[in-house]
Amino acid sequence: MKWGDATYSTLSAWRDATGQETVGGINTALTGNPTLTDPGGGGTIGDPYQLHTLSAYRLLAVSPLIDAGLDLFSEFGIQPGSRDFYGNSLPSTGMYDAGAHEVVAGPAAPTGLRIRVP
Ligand SMILES: [Ca+2]
């Protein structure tokens, strides 16, 4: 990346040289695959009341962004609100996830269920 007249090849090199992406001496930025459900596969949603159906950008359970967000209120006095984009409570596991989706902790949803109709 280019920063002023200098060029950096890694986030850590840029951070070390500029002091950017740190809060209180702690590194804050991440690089890598956020492991979203279906990046680029969100399609078009023409009804604003259906935004909650935009599942392509939810974090998968293995995402490095889980619990990697900042506590904006404690760091900056910014109230982040009580819900994520999908209506989940913030934070769900004590630490904020980075981005618009807070993964809800809990057991995995059951699969392979069958419904018997009498
Ligand atoms: Ca979390």
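Residues numbered from 1 in each chain as written. Predicted model: local features only at pLDDT ≥ 70, side-chain atom pairs only at ≥ 80, totals over all residues.

Novice: Go over the overall build of the protein chain, please, and point to the residues and values.
Specialist: On a plain count of helices and strands, the protein chain comes out with two helices and four strands. Each helix and strand of the protein chain, placed in order from N terminus to C terminus, yields the pattern β-β-α-β-β-α. Over its C-alpha atoms the protein chain spans a radius of gyration of 19 Å, topping by over 25% the 13 Å that the globule rule assigns to 118 residues. Once the C-alpha set of the protein chain is aligned to its principal axes, its extents read approximately 70 × 30 × 30 Å. Taken across its 118 residues, the protein chain has 8% of its residues classed as buried. Taking the contacts inside the protein chain whose residues are at least 6 apart along the sequence as the reference set, 36% of them involve residues at least 24 apart. (Helix = DSSP H or I, 4+ residues; strand = E, 2+ residues; numbered from the N terminus. Rg over C-alpha atoms; globule rule 2.2 N^0.38 Å. Buried ≥ 20, exposed ≤ 12 C-beta atoms within 10 Å, placed from the backbone. Contact = placed C-beta atoms within 7 Å.)

Novice: So, the domain arrangement of the protein chain: which residues are in play, and what are the values?
Specialist: Accessible area lost upon the coming together of the parts is a frequently used measure of interface size. Along its sequence, the protein chain is organised into domain 1 (1-31) and domain 2 (33-105). A separation of 24 Å is found between the C-alpha centroids of domain 1 and domain 2. (Domains from an automatic or database assignment.)

Novice: I'd like a rundown of unusual backbone geometry, residues and numbers included.
Specialist: Cis geometry is adopted by the peptide bond preceding Pro91, which originates at Leu90 and carries an omega value of -25°. Along the chain, Pro91 turns up in the segment after α2 (72-76). Positive phi is not limited to glycine here, since Glu21 has a value of about 60°. Considering the arrangement of structural elements, one finds Glu21 in the loop between α1 (11-18) and β3 (22-23). Positive phi outside glycine occurs at Asp67, with the angle close to 60°. When you line up the elements, Asp67 lands in the loop between β4 (26-27) and α2.

Novice: Before we move on, can you summarise the environment of Asp5 with the specific residues and values?
Specialist: Summarising the element assignment, Asp5 is placed in the loop between β1 (2-3) and β2 (6-7). For the pair Asp5 and Gly25, spaced 20 residues apart in the sequence, the C-alpha separation amounts to 25 Å.

Novice: Provide a residue-level description of the environment of Gly40, including the pertinent values.
Specialist: The topology assignment puts Gly40 in the loop between β4 and α2. Taking the C-beta count within 10 Å as the criterion, Gly40 has 8 such neighbours and is therefore assigned exposed. Separated by 16 residues in sequence, Gly40 and Ala56 have C-alpha atoms that sit 7.2 Å apart.

Novice: So what's going on with the environment of Pro91? Which residues, and what values?
Specialist: Exposure remark for Pro91: the 18 C-beta atoms within 10 Å place this residue in the partly exposed category. For the pair formed by Pro91 and Glu102, sequence separation is eleven residues and the distance between their alpha carbons is 6.8 Å. When near neighbours in sequence (up to four residues on either side) are disregarded, Pro91 contacts Tyr96 and Glu102.

Novice: Explain the confidence of the model for the protein chain to me, and be specific about the residues and the numbers.
Specialist: Of the residues in the protein chain, 93% reach a pLDDT of 70 or more, and the chain-wide mean stands at 89. When mean pLDDT is compared element by element in the protein chain, β2 scores highest at 97, while β4 scores lowest at 87. (pLDDT = per-residue confidence, 0-100.)

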